[in-house]
Amino acid sequence: MKTEELHCAVSGKTLLPEDAVFLITSPDGTLMVDLNRELPGKHVCLECKRKVILQAIEEANVLGNVFGDSLRIPDDFIDKTLLLLRKKAHNMLCVARKA
């Protein structure tokens, strides 16, 4: 079974799905993270590293090329994203312990 080839929008590295974080915009143009890549719309794939996510936010052309000029990035976006990633990792560890 062939898996989709993912590329980080910042580094250009080829990524496995478990090494990637996907960004998307809400209907009002607010940047969001889509941890399970289930939300509809255009996604930006990034390497799941704080410095890469920060670089994507700081370099307007990385996200602006995909989402347009009306993109709104919440001030606490990085902190909320990292919190969601930690919670997902914790939940996965809990499931693994029960198995």
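Residues numbered from 1 in each chain as written. Predicted model: local features only at pLDDT ≥ 70, side-chain atom pairs only at ≥ 80, totals over all residues. Heavy atoms only, no water.

Caption draft 1: Just the overall build of the protein chain, in detail. Along the protein chain, the regular secondary structure elements total 3 helices and 5 strands. The C-alpha radius of gyration of the protein chain comes to 14 Å, within 12% of the 13 Å expected for a compact globule of 99 residues. In terms of principal-axis extent, the alpha carbons of the protein chain reach across some 45 × 30 × 25 Å. The 99 residues of the protein chain split such that 30% are buried. When the accessible surface of the protein chain is summed, it comes to about 6,900 Å², and 54% of that surface belongs to carbon and sulfur atoms. Distance between charge centres in the protein chain, computed from 14 positive and 14 negative side chains, equals 6 Å. (Helix = DSSP H or I, 4+ residues; strand = E, 2+ residues; numbered from the N terminus. Rg over C-alpha atoms; globule rule 2.2 N^0.38 Å. Buried < 20%, exposed > 50% of the residue type's maximum accessible area, 1.4 Å probe, protein only. Areas by Shrake-Rupley, 256 points an atom, 1.4 Å probe, with all protein chains shown as cover. Lys, Arg positive; Asp, Glu negative; His and termini not counted. Charge placed at Lys NZ, Arg CZ, Asp CG, Glu CD.)

Caption draft 2: Region of the structure containing the nonpolar core. Counting 23 residues, the largest nonpolar core has Leu23, Leu31, Leu46 and Leu63 as the members making the most contacts within it. At the level of elements, strand S3 (20-25), strand S4 (31-33), strand S5 (44-47), helix H1 (50-58), helix H2 (60-67) and helix H3 (77-98) are the ones that each hand at least two residues to this core. Beyond its immediate stretch of four places on either side in the chain, Leu23 contacts Leu31, Met32, Val33, Lys42, His43, Val44, Leu46, Leu63, Phe67 and Phe77. (Core = buried A, V, L, I, M, F, W, Y, C linked by side-chain atoms within 4.5 Å. Contact = heavy atoms within 4.5 Å.)

Caption draft 3: Broad picture of the state of the cysteines. The final tally for this structure, using the stated rule, is 0 disulfides. Considering cysteine sulfurs only, Cys8 is the nearest to Cys45, which forms no disulfide, with 6.5 Å between them. Take Cys48: it sits in no disulfide, and the sulfur closest to it among the cysteines is that of Cys45, at 10.0 Å. (Disulfide = S-S within 2.5 Å.)

Caption draft 4: Structural context of the sheet that holds S4. Read across the open sheet, the 3 strands follow the order S4-S3-S5; overall the sheet is antiparallel. Looking at which strands have only one partner, the edges of the open sheet turn out to be S4 and S5. Across the sheet, the axes of successive neighbouring strands diverge by a mean angle of 35°, strand direction being ignored. Pairing analysis gives 4 bridges linking S3 to S5, with the strands arranged antiparallel. Within S5, the residue paired with Phe22 across the bridge is Cys45. (Pairing = 2+ DSSP bridges. Axes fitted to C-alpha atoms, helices over the stretch in contact; angles between N-to-C directions.)

Caption draft 5: Just the pattern of salt bridges, in detail. Following the criterion strictly, the structure yields 4 salt bridges and no others. Across the pair Lys49 and Glu47 runs a salt bridge whose closest N-O atoms are separated by 3.3 Å. Among the ionic contacts, a cluster of salt bridges with common partners joins Lys13, Glu47 and Lys49. (Salt bridge = Lys/Arg side-chain N within 4 Å of Asp/Glu carboxyl O.)

Caption draft 6: Representation of the side chain of Asp34 in the model. The topology assignment puts Asp34 in the loop between S4 and S5. Excluding its chain neighbours within four sequence positions, the residues that come into contact with Asp34 are Phe22, Ile24, Leu39 and His43.

Caption draft 7: Spotlight on the confidence of the model for the protein chain. Across the protein chain, pLDDT averages 86, with 95% of residues at or above 70. Taken element by element, the protein chain is modelled with least confidence in H2, mean pLDDT 81, and with most confidence in strand S2 (residues 14-15), mean pLDDT 94. (pLDDT = per-residue confidence, 0-100.)

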